[in-house]
Structures are given as structure tokens and as C-alpha cells.
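The primary structure of each chain is shown beneath.
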Amino acid sequence: MEYVVAVDQCRHFGRAAALCNISQPTLSAQLRKLEDELGVVLFDRNKQPILPTEEGRAFIEQARTVLTEHRRFMMLAEPNADGPSGEFKLAVIPTVAPHLMPLLLPDFTRRYPGIRLTVEELPTEHIIESLDKDLIDAGILATPLGLSRIQEEPLYYEPFFLFVGRGHRLEKSEKVTESMLRSEELWLLSEEHCLREQVLVVCSGRDRGGCFPSVHLKGGSLETVTSMVAGGHGSTLLPQLAAESVRDRLSGTVIPMAKPAPSREISLIHRRGHLKQRTLKLLKAQVESSIPGSLPRQKSKAIRVIGLSGRFK
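Caption draft 1: Geometry of the nonpolar core. Residues I140 and Y156 are the most contacted members of the largest nonpolar core, which totals 40 residues. Elements represented by at least two residues in this core include exactly β3 (86-92), α5 (97-111), α6 (124-132), β5 (138-143), β6 (150-164), β9 (261-271) and α10 (277-290). If you tally residues by element for this core, the top one is α5, at 5 residues. In contact with I140, other than residues within four places in its own chain, are L90, A91, V92, I93, V96, L100, I127, L155, I266, S267, L268 and V287. Membership of the second largest hydrophobic core comes to 30 residues, among which are L238, A242, V254 and M257.

Caption draft 2: Spatial organisation of the side chain of T236. Inspection of the secondary structure puts T236 in strand β7 (residues 235-239). The exposure class assigned to T236 is buried, which follows from its relative accessible area of 3%. Not counting residues within four places of it along the chain, the set of residues in contact with T236 comprises F161, L162, F163, L186, W187, V225, T226 and V229.

Caption draft 3: View of the confidence of the model for the chain. Taken residue by residue, the chain gives an average pLDDT of 86. The fraction at 70 or more is 90%. By mean pLDDT, helix α4 (residues 54-76) is the weakest element of the chain at 79, and β5 is the strongest at 96.

Caption draft 4: View of the side chain of S130. Residue position: S130 is located in helix α6. Residues in contact with S130, not counting those within four places in the same chain, are L122, L135 and I136.

Caption draft 5: Up close: the packing of α5 against α10. Relative to each other, α5 and α10 sit at 125°, their axes nearing to 9 Å. Accordingly, the angle class assigned to the pair α5 and α10 is oblique. Of the two elements, α5 crosses α10, and the hand of that crossing is right-handed. Facing α5, whose interface residues are L100, L103, L104, D107, F108 and R111, α10 presents L282, L283, Q286, V287 and S290. Taken together, the residues of the contact of α5 with α10 sort by class into 7 nonpolar, 2 polar and 2 charged.

Caption draft 6: Structural view of unusual backbone geometry. Geometrically, the link from Q48 to P49 is a cis peptide bond, its omega value of 0° lying close to zero. Along the chain, P49 turns up in the loop between β1 (43-44) and β2 (51-52). Going from K259 to P260, the amide bond is cis rather than trans, its omega being -5°. Among the secondary structure elements, P260 is positioned in the loop between β8 (253-256) and β9. If you check the backbone angles, R11 has positive phi at about 55° while not being a glycine. Tracing the backbone through its elements, the reader meets R11 in the loop between α1 (2-10) and α2 (13-19). On the accessibility criterion, R11 (23% relative accessible area) is partly exposed. In this structure, N21 is a non-glycine residue whose phi angle is positive, near 60°. Along the chain, the position of N21 falls in the loop between α2 and α3 (24-38).

Caption draft 7: Expanded view of the environment of I140. By the secondary structure assignment, I140 is in strand β5. Owing to a relative accessible area of 0%, I140 belongs among the buried residues under this scheme. Sequence separation between I140 and P106 is 34 residues, and the spatial gap between their C-alpha atoms is 17 Å.

Caption draft 8: Quick peek at α5. The end-to-end C-alpha separation of α5 is 20 Å, in line with the 21 Å expected for 15 residues at 1.5 Å each. Helix geometry: α5 is bent most strongly at L104, by close to 35°, with proline P106 lying one to four residues after it. All of the buried residues in α5 are A97, H99, L100, M101, L104 and F108.

Rules used in this analysis
Residues numbered from 1 in each chain as written. Predicted model: local features only at pLDDT ≥ 70, side-chain atom pairs only at ≥ 80, totals over all residues. Heavy atoms only, no water. Core = buried A, V, L, I, M, F, W, Y, C linked by side-chain atoms within 4.5 Å. Buried < 20%, exposed > 50% of the residue type's maximum accessible area, 1.4 Å probe, protein only. Helix = DSSP H or I, 4+ residues; strand = E, 2+ residues; numbered from the N terminus. Contact = heavy atoms within 4.5 Å. pLDDT = per-residue confidence, 0-100. Axes fitted to C-alpha atoms, helices over the stretch in contact; angles between N-to-C directions. Parallel < 35°, antiparallel > 145°, perpendicular 65-115°, else oblique. Left-handed = near helix turned anticlockwise from the far one by under 90°. Nonpolar A, V, L, I, M, F, W, Y, C, P; charged D, E, K, R; others polar. Expected span 1.5 Å × (residues − 1). Bend = angle between axes of the 7 residues up to and from the residue.

Here it is, written out as C-alpha cells:
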């Protein structure tokens with residue numbers, strides 16, 4: 001079953017064999033033997049990358065369930081340690097990681113040295129896929145996702161701020177409303193970032209992507225778009241933690257949005273019934289204690305949460 005799940009994960013026999021620390025002929029032979037016993041072909045070997053057959057998908061999903069329960073059984077036999085321990089894999093979206101991780105990691109690693117934490121930056125779709133394939137234990141991203149198989153635990157709410165450069169028409173404004181925004185001025189991230197979709201909702205779905213008519217910038221990071229704005233070109237909408245970072249580093253003005261301020265919900269997500277509940281609770285508590293007090297922890301009339309329009313499956 002481990003070999004089957006590895007092939008589904010890697011979609012390549014050689015890489016799956018390396019992941020399982022065996023030779024490719026051994027892995028192929030074991031899979032053939034299993035398929036003969038089941039009377040079912042699990043993978044279409046004529047496709048590149050290798051894909052599961054229709055009958056194989058159901059078996060692969062059940063194999064994941066059995067392996068998860070096996071890990072749960074083995075954890076029951078582990079002796080109680082002095083504190084939480086073990087490996088924990090966390091994925092964080094790129095518009096959150098650079099601002100949240102410096103707040104979270106120092107205290108978390110000091111308080112729980114037995115937890116071997118791996119943090120990876122991934123876009124939302126890849127985090128969901130990695131959770132489905134048991135490649136990670138949890139993710140931190142914008143919600144709600146609307147997926148019944150995934151449990152969402154809101155951590156905080158992040159209002160949006162407008163960032164403008166020197167000489168911008170709104171530079172002297174104390175607050176801005178959504179009607180004051182001009183889509184032709186706004187720089188956007190590329191399509192893989194959920195933040196792009198939320199910004200488009202705030203500016204009524206108008207997608208121009210920058211202030212130069214002949215340039216369509218598909219920025220891969222907030223650093224790119226904020227650098228454009230700091231150079232005196234256009235504007236962009238930033239979540240609060242990113243806005244506070246920009247205020248300290250770059251030339252320009254950060255302006256709050258009028259209430260109810262458009263905001264995004266940031267949550268810790270994981271598969272329902274996940275094994276590592278203790279670490280999940282510790283991680284959630286540490287995030288909540290690490291973030292600034294100015295970030296809302298609860299929904300209120302002062303904010304308006306911008307959803308993701310059911311784009312994920």
C-alpha cells in the first residue's frame with residue numbers, strides 16, 4: 001500500500017522507488033503482484049505522467065486511510081515523552097509566510113524543541129493537494145474554502161490597506177473607500193495567489209493589473225508590486241501584516257480602508273481526524289499569542305470578510 005501511494009504521489013515509478021528507498025524493479029514487481037491478487041490494474045502505465053485508473057483511484061484512497069490508521073495505532077504504542085515531539089509539516093501561502101513566520105517560529109521552537117517543524121511556502125491549490133495526499137500535516141491560508149473534507153480553524157482577520165507612492169492622488173487621505181479605487185492603478189499578483197481574487201472583489205472585479213497600459217504585470221510576490229508602488233507607479237492593496245512591513249521599509253503611504261474594512265480570514269487547516277491534534281492545538285495557540293494585538297481575532301461589524309467564491313474542489 002505504501003508503494004501504491006508513493007506512485008500516486010510521484011506519478012513516476014523511479015521517483016516513487018527512491019521515495020520508498022527500494023529499487024524500481026522491486027517496486028514494479030510488488031505492484032504487479034498486488035494487481036494480480038486484486039484482479040485490478042491500478043495505474044495506466046501508458047500515460048506520462050503515470051495516472052491511476054478509474055478502479056485504482058478507489059483503492060488508492062482506501063490505502064491512504066489504512067496507512068493513516070496504521071500510523072495512529074503505532075502512535076498509541078509510543079512511550080509518553082516529557083513534551084510534544086515528532087515531525088510536523090506545515091505549508092503557508094506566500095502572502096502570509098514572510099510576515100507571520102518571523103512572529104511565530106522563534107517562540108514556538110524555543111517552547112517545543114522536540115517538534116521537528118518543516119515549513120514550506122505553497123499557493124492555496126498546492127496546499128489542498130498536499131493535504132489530500134498526506135504530504136503535509138496542516139496549512140495556513142485564506143479561508144473559507146468550502147471543502148467538507150478539510151477542517152478550518154480561524155486564527156485572525158486581516159484588514160486590507162491601500163499602499164500608494166509619493167505624489168499619488170490619495171496620498172493625503174486619512175481613509176479610502178472602495179469607490180475611490182481605480183482598477184487601472186492597482187498592481188495585482190499572479191492568478192495562483194488567492195489575494196489577487198480578493199483584491200479584484202474589492203475593486204468590483206475590474207482586472208487591469210497595473211498603471212502602464214502596455215504592461216500586464218503578473219507579479220509573483222508582494223515585494224514586486226510594492227516596489228513598483230514605492231517607485232511612484234500606481235497603488236496596491238495589502239493585508240495588514242504586509243502593510244505594516246511596507247510602512248517600515250519602503251517610501252510611500254499606507255492608508256486604512258473605511259469600515260467595514262474589506263478583510264481576509266486566515267486559518268489553520270488540516271484533514272478531519274488528523275493524527276497530530278496536540279501539535280495542531282499548540283501551533284494554533286502560538287499563532288494567536290504571537291500576532292499583534294491590532295489584528296482582529298473575531299468577526300465584527302468593523303470588517304467585511306472577502307471570500308474566495310468557491311474556486312476550490
